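Reading the structure
The primary structure of each chain is shown beneath.
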Amino acid sequence: NDEIDDIDYAATNSNLNLVFNLLASQLTDEDYLFIYTIDHGDLDDKLDESYICMWNNENYYASEFASRVKAINTKATHIVMGQCKSGGFIPYFTDSPNICISTACGKYEDSWPIRDTFHPKYGQYDEYVYYWTLSHESLVGDTNNDGHVSALESHNYAKNRDTQPETPQHYGAGYLSEKLTLTNILT
C-alpha cells in the first residue's frame, strides 16, 4: 500500500526475456542477483521438462530460463522457486558454481499452500515459500548464529517446517550455499 507500482511488465515470455537481457547488459561480476518465482508451473510430458506458466498460456521452459540466467554475469545468483514442478529447474544449474537454487518441490511434484492458514494481509501462502521467507524475518533461520541467513539455512528452515506432500530441493556448488545471503557472500 505504498502507492508505488511493484510490477513493471506483464508476465509474458517476451517481457521476461526483455528483463533478462536488461540485467545481462547492466550487471557485472561484482553484482548479486536474486530471483524469486511463485505461482504456477507444470511439466511438459513430451519433453520431460519443467516450465513456469506465464500469461497468455505461454510456457517458460527450464532450459530457456537457465540459459538466460547463466548469460547474466554476476558474482552470485540466488534463485528461489515456489511453483509446481520447480525441482525440474535444478539440473540446468548444476554446472554453475556461482548459482544457488532452492525449489518448493521435486520435478514431478506439485507445490502446496499451507493447510488451513490464511494470512489476513497476504492471503494464502505456498508453504515452502512462506517458511523460506520467514527464515529471514528477525534472522530466525540463522542456525549457526553468525548474524546472517545463508541460502542453505533458508532452505533447511523451510524444508524442516514443510508438512505438505512435496520434497523441497536445493543446489549450490561448494561453499556457496553456506555463504550466500540475500545481500552478499560471507567471507
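Rules used in this analysis
Residues numbered from 1 in each chain as written. Predicted model: local features only at pLDDT ≥ 70, side-chain atom pairs only at ≥ 80, totals over all residues. Heavy atoms only, no water. Core = buried A, V, L, I, M, F, W, Y, C linked by side-chain atoms within 4.5 Å. Buried < 20%, exposed > 50% of the residue type's maximum accessible area, 1.4 Å probe, protein only. Helix = DSSP H or I, 4+ residues; strand = E, 2+ residues; numbered from the N terminus. Axes fitted to C-alpha atoms, helices over the stretch in contact; angles between N-to-C directions. Parallel < 35°, antiparallel > 145°, perpendicular 65-115°, else oblique. Contact = heavy atoms within 4.5 Å. 1 Å grid on protein atoms, 1.4 Å probe; cavity = no way out; pocket = protein on both sides within 12 Å on 5 of 7 lines; lining within 4 Å. Points joined across faces, edges and corners; volume = space filled by probe spheres on them. Nonpolar A, V, L, I, M, F, W, Y, C, P; charged D, E, K, R; others polar. Polar contact = N/O pair within 3.5 Å; in protein donor to acceptor, adjacent residues only side chain to side chain. Pairing = 2+ DSSP bridges.

So, about the nonpolar core. For soluble globular proteins, the rule of thumb is that nonpolar side chains tend to be buried together. F20, F65, V69, I79, F93 and I101 are the most contacted members of the largest nonpolar core, which totals 22 residues. Looking at this core, the elements with two or more residues in it are helix 1 (13-26), strand 1 (32-37), helix 2 (62-70), strand 5 (76-81) and strand 6 (99-103). Tallying contributions element by element places helix 2 first for this core, with 4 residues. By size, the runner-up hydrophobic cluster in this structure holds 8 residues, among which are V80, V129, Y157 and A158.

Another point: the packing of helix 1 against helix 2. Close contact between helix 1 and helix 2 brings their axes to 9 Å; oriented N to C, the two are set at 20 degrees. As judged from the angle between their axes, helix 1 and helix 2 are roughly parallel. Taken together, the residues of helix 2 that come into contact with helix 1 (itself represented by N17, F20 and N21) are E64, F65, R68 and V69.

Another point: the layout of surface pockets. Estimates place the volume of the largest pocket at around 870 Å³. Secondary structure elements with two or more residues in the lining of the largest pocket: helix 1, strand 1 and strand 3 (49-53). In terms of residues, the lining of the largest pocket owes the most to one element, helix 1, which gives 5 residues. Of the residues in the lining of the largest pocket, the class split is 17 nonpolar, 3 polar and 3 charged. Taken as a whole, the second largest pocket spans an internal volume of roughly 280 Å³.

Right, let's get into the environment of D44. If you trace the backbone, D44 turns up in strand 2 (residues 41-44). For the pair formed by D44 and I72, sequence separation is 28 residues and the distance between their alpha carbons is 26 Å. Excluding residues within four positions of it along the chain, D44 makes contact with E49, Y51 and Y61. Only 3.1 Å separates the side chain of D44 from the backbone nitrogen of L47, close enough to count as a polar contact.

Attention now moves to the side chain of T74. As for its position among the elements, T74 is in the loop between helix 2 and strand 5. Classification of T74 by relative accessible area gives buried; the value is 6%. At 3.5 Å, the side chain of T74 and the backbone nitrogen of A76 are in polar contact. Every residue in contact with T74, bar those within four places of it in the chain, is listed here: L27, T28, D29, D31, L33 and N98.

This paragraph deals with the sheet that holds strand 2. Across the sheet, 3 strands lie side by side as 2-3-4; this open sheet has antiparallel pairing. Two strands bound the open sheet, and with one partner strand each, they are strand 2 and strand 4 (59-61). Averaged over neighbouring strand pairs, the angle between their axes works out to 40 degrees when direction is ignored. Alignment of strand 2 against strand 3, held across 4 bridges, turns out to be antiparallel. Residue pairing for strand 3: G41 is matched across the bridge by I52. In this fold helix 2 packs onto strand 3 and strand 4, with an angle of close to 60 degrees to the strand it touches most, strand 4.

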